[in-house]
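Spelled out from the first residue to the last, the chains are:
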Amino acid sequence: MATTTIAVATMKAAQVSCPGADFEMVEREIPEPGAGHVRIKVQACGVCHSDALTKDGSWPGIQYPRVPGHEVAGILDALGPGVSAWKKGQRVGVGWHGGHDNTCRECRRGDFRNCRNVKVCGVSYDGGYQQYMIAPAEALVPIPESLNDAEAAPLLCAGITTYNALRHSGAFPGDLVAVQGIGGLGHLGIQFASKFGYYVAAIGRGAETASLAEKLGASLYIDSQSTNAAEALQKLGGAQVILATAPSSKAMSGLVDGLGPNGKLMVIGAVFDPIEVAPVQLINGSRTIQGWAAGTPADSEDTLRFAEQSGVRPMIETYPLEKADEAYARMLSGKAEFRVVLTM
Ligand SMILES: [Zn+2]
Ligand SMILES: [Zn+2]
């Protein structure tokens, strides 16, 4: 009797089966893109601290199993019906902003970043910890030729967040801009700030980081372990902007007095405990504290183009997809220098 075997093309994925579970390497059927969606053959995916939202289930409403990853670089592999602005074979990425509805009040005003129904790659749908993924076409970012996949990936979250926060901070070339924290975000923040023409003060912990900060483009280094950073900034006239990247509300609170008149503390290091500030600290000198989240795919496109033209690059450690668990643990340890990237 004749039997027919239908070969189903499969791929590897690192999934989280329920909140708090370890990564599980599974074989999955390669998915087909629906209308308005594309399939990406993933080449690299950054491991970001915000992947913990998926891993731990701290983002409300996640459906499991879920594949994390929102720093995706790859090749357009298949186009769903209705996708005309992109070509198969094109190099593309997907970042934190994983799609928007085009219908809510913010979208109708062009403020896609604050879409009420924004989709997050690796949270709302399966992200880049796998060999192929499906993404809505509006989430795509073209990747310039000269950037390789592993370098481009972290620029789609850590990169765009620092680049976009700085370019919307109100600081002008020549202004004193401090970057607090020299880690996954900060090492990119220092580079962008330097290339924007700011006078860059890098604030880190310990004397041994000074040479790295300088190499990244800092004009000066403030060791917050041996110096009061706010006082050091005031001696220089006060910072126009302090980009707070290190996840420490206590450290951020201590920096408010380092702001000059009309200075702004730009907060991008995501933590849950409160920043403490007395109203008079803000009233004196009309200082502000502002939070900033990544940006749209168009902002990511600007980030990649600027990185290409200015030479800004992330410092990375790469791991194969199969070692997603190890890569994630390395990221969590805070010891990686500086962004961990999975390669397929
Ligand atoms: Zn991220
Ligand atoms: Zn919307």
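Think of each chain on its own: its residues are numbered from 1, step by step along the sequence as written. To label them, take the chains in the order written and letter them from A, then take the ligands in the order written and number them from 1. Totals for whole chains, interfaces and linings use every residue, but because this is a predicted model, local features are given only for residues with pLDDT of at least 70 and side-chain atom pairs only at 80 or more, for both listing and counting. Based on all heavy atoms of the structure, the side-chain values leave hydrogens and waters out of the count.

Student: Now, about the overall build of the protein: what can you tell me, with residues and values included?
Tutor: Scanning the protein for helices and strands turns up 10 helices and 15 strands. The size measure is the radius of gyration over C-alpha atoms, and the globule rule it meets is 2.2 Å times the number of residues to the 0.38 power. The C-alpha radius of gyration of the protein comes to 21 Å, within 12% of the 20 Å expected for a compact globule of 344 residues. Along the three orthogonal principal directions, the C-alpha set of the protein runs to about 90 × 40 × 40 Å. The charged-residue count follows a simple rule in which Lys and Arg add positive charge and Asp and Glu add negative charge, with His and chain termini not counted at all. By convention, the point assigned to a charge is CZ for Arg, NZ for Lys, CD for Glu and CG for Asp. Charged side chains of the protein number 29 positive and 34 negative; the gap between the two group centres comes to 4 Å. Starting at the N terminus, helices and strands are each numbered in turn, a helix being any DSSP run of H or I of at least four residues and a strand any DSSP run of E of at least two.

Student: Just give me the short version of the nonpolar core, but keep the residues and values in it.
Tutor: Core analysis: the largest hydrophobic core is formed by 43 residues, its most contacted members being Leu166, Ile182, Ile190, Phe192, Tyr198 and Leu304. If you list the elements that add at least two residues to this core, you get helix H3 (149-167), strand S8 (176-180), helix H4 (186-195), strand S9 (199-204), helix H5 (210-216), strand S11 (239-244) and helix H9 (297-310). By residue number, the principal contributor to this core is H3, which donates nine residues. For phenylalanine 192, the contacting residues outside a window of four places in its chain are Leu155, Gly159, Thr162, Tyr163, Leu166, Thr303, Phe306 and Val312. Listed in part, the 36 residues of the second largest apolar core include Ala13, Val94, Cys121 and Ala327. Nonpolar core, defined: a set of buried Ala, Val, Leu, Ile, Met, Phe, Trp, Tyr and Cys residues in which side-chain atoms within 4.5 Å join the residues together. In this scheme, a residue with accessible area under 20% of its type's maximum is buried, one over 50% is exposed, and one in between is partly exposed, where area comes from a 1.4 Å probe on protein chains only. For this analysis, residues touch if any pair of their heavy atoms sits within 4.5 Å.

Student: So what's going on with the coordination of the zinc ion (ligand 2)? Residues and values would help.
Tutor: As a benchmark, a tetrahedral metal site with four donors has ideal angles of 109.5 degrees, while an octahedral site with six donors has ideal angles of 90 or 180 degrees. Of the protein atoms, only Asp101 (OD), Cys104 (SG), Cys107 (SG) and Cys115 (SG) coordinate the zinc ion (ligand 2), at distances of 2.0 to 2.3 Å. Any N, O or S atom lying within 2.8 Å of the metal counts as a donor, and for Na, K and Ca the limit rises to 3.2 Å; water is left out, so some sites can look incomplete. Just to be clear on the cut-offs, tetrahedral is four donors with all angles between 85 and 135 degrees, square planar is four donors and octahedral six with opposite donors over 155 degrees apart and all others between 65 and 115, and anything else goes down as irregular. Classification of the site at the zinc ion (ligand 2) rests on its four donor atoms, whose angles at the metal span 99 to 120°, yielding the label tetrahedral. Binding-site remark: the zinc ion (ligand 2) is held by donors from one chain whose sequence spacing is D-x2-C-x2-C-x7-C. A residue pair is termed long-range when its members are at least 10 positions apart, and aspartate 101 in the loop between strand S5 (91-94) and helix H2 (105-108) and cysteine 115 in the loop between H2 and strand S6 (132-136) qualify at 14 residues. Judged by its relative accessible area of 6%, cysteine 115 falls in the buried class.

Student: Explain empty space enclosed by the protein to me, using residue names and the numbers behind them.
Tutor: Where empty space is left can be seen by rolling a probe of water-molecule size over the atoms. Cavities and pockets are found on a 1 Å grid laid over the protein atoms alone: a cavity is a set of points where a 1.4 Å probe fits but cannot escape, a pocket is an open set with protein on both sides within 12 Å along at least five of seven lines, and a lining residue has an atom within 4 Å of such a point. Grid points are joined across faces, edges and corners, and a volume is the space filled by probe spheres set on the points. With the rule as written, the count across this model stands at one cavity of 30 Å³ or more. Of the volumes computed, that of the largest cavity is approximately 40 Å³. Lining the largest cavity we find Gly95, Trp96, His97, Ala139, Val141, Leu156, Ala294, Gly295, Thr296, Pro297 and Ser300. Partitioning the lining of the largest cavity into residue classes produces six nonpolar, five polar and no charged. Under this grouping Gly is polar, as are all residues other than the nonpolar Ala, Val, Leu, Ile, Met, Phe, Trp, Tyr, Cys and Pro and the charged Asp, Glu, Lys and Arg.

Student: So what's going on with the sheet that holds S8? Residues and values would help.
Tutor: Two strands pair if DSSP finds at least two bridges between them. Read from one edge to the other, the open sheet built from six strands follows the order S10-S9-S8-S11-S12-S13, with strand pairing classed as parallel. A strand with exactly one partner marks an edge of an open sheet, and here the two such strands are strand S10 (220-223) and strand S13 (288-291). Between one strand and the next, the sheet's axes are offset by a mean angle of 20°, whatever the strand orientation. Looking at chain direction, S8 and S9 are connected through five bridges and run parallel. Within S9, the residue paired with valine 179 across the bridge is alanine 202. Lines are fitted to the C-alpha atoms to define the axes, a helix being fitted only along its stretch in contact, and any angle between axes, read from their N-to-C directions, falls within 0 to 180 degrees.

Student: Can you break down the coordination of the zinc ion (ligand 1) residue by residue, with the values?
Tutor: Here the zinc ion (ligand 1) is held by Cys48 (SG), His70 (NE2) and Cys157 (SG), and the distances to it run 2.0 to 2.2 Å. Positions of the donor residues of the zinc ion (ligand 1), expressed as sequence spacing, correspond to C-x21-H-x86-C. A residue pair is termed long-range when its members are at least 10 positions apart, and cysteine 48 in the loop between strand S3 (37-47) and helix H1 (52-56) and cysteine 157 in helix H3 qualify at 109 residues. Note on cysteine 48: relative accessible area 7%, which makes it buried. Under the relative-accessibility criterion, cysteine 157 is labelled buried at 9%.

Student: I'd like a rundown of the packing of aromatic side chains, residues and numbers included.
Tutor: Only rings of Phe, Tyr and Trp enter the pairing, Trp through its six-membered ring, and a pair is recorded when the two centres are within 6.5 Å. The plane angle decides the type: under 30 degrees is stacked, over 60 is edge-to-face, the rest tilted. Counting across every chain of the model gives 10 aromatic pairs. The interplanar angle of 80° and the centroid separation of 5.7 Å between the aromatic rings of tryptophan 59 and tryptophan 96 together place this pair among those described as edge-to-face. Placement of tryptophan 59 in the loop between H1 and strand S4 (72-79) and of tryptophan 96 in the loop between S5 and H2 is noted, with a sequence separation of 37 residues between them. For the pair tyrosine 163 and phenylalanine 306, a centre-to-centre distance of 5.5 Å together with 40° between the ring planes defines the contact as tilted. Here tyrosine 163, found in helix H3, pairs with phenylalanine 306, found in helix H9; they are 143 residues apart in sequence, far enough to count as distant.

Student: Tell me what's going on with the environment of arginine 313, and back it up with residues and numbers.
Tutor: Considering the arrangement of structural elements, one finds arginine 313 in the loop between H9 and strand S14 (316-320). Each C-alpha atom of the pair arginine 313 and valine 72 lies 16 Å from the other, and the pair is 241 residues apart in sequence. Once you skip the residues sitting within four places of it in the chain, arginine 313 turns out to touch Ser146, Leu147, Glu151, His187, Leu188, Gln191, Ala307 and Glu308. Throughout this description, a polar contact denotes any pair of N or O atoms lying within 3.5 Å of each other; where both atoms belong to protein, one of them has to be capable of donating a hydrogen while the other can accept it, and for residues adjacent in sequence the pair is counted only when both atoms sit in side chains. Within the structure, the side chain of arginine 313 is placed 2.8 Å from the backbone oxygen of alanine 307, a separation counted as a polar contact.

Student: Describe the pairing of S5, listing the residues and the values that go with them.
Tutor: Of the two faces of S5, the one carrying Arg91 and Gly93 and the one carrying Val92 and Val94 are both buried. Across four bridges, S4 lies against S5 in antiparallel orientation. Opposite glycine 74, over in S5, you have valine 92 as the bridge partner. Bridge count between S5 and strand S7 (residues 141-142): two bridges; the pairing is antiparallel. Bridging from a neighbouring strand, valine 92 pairs with proline 142 of S7.

Student: How would you summarise the pattern of salt bridges if you had to cite specific residues and measurements?
Tutor: Basic side-chain nitrogens of Lys or Arg form a salt bridge, by our definition, when they fall within 4 Å of a carboxyl oxygen of Asp or Glu. According to the stated counting rule, one finds 16 salt bridges in the structure shown. Between aspartate 77 and arginine 39 there is a salt bridge; the shortest N-O distance is 2.5 Å. Of this pair, aspartate 77 sits in strand S4 while arginine 39 sits in strand S3, and the two are 38 residues apart along the sequence. Given a relative accessible area of 11%, arginine 39 falls into the buried group. Where glutamate 317 meets arginine 330, a salt bridge forms, and the shortest distance between an N and an O atom there is 2.8 Å. Of this pair, glutamate 317 sits in strand S14 while arginine 330 sits in helix H10 (residues 324-333), placing them 13 residues apart in sequence. The network of salt bridges with shared partners includes Arg167, Asp299, Glu301, Asp302 and Arg305.

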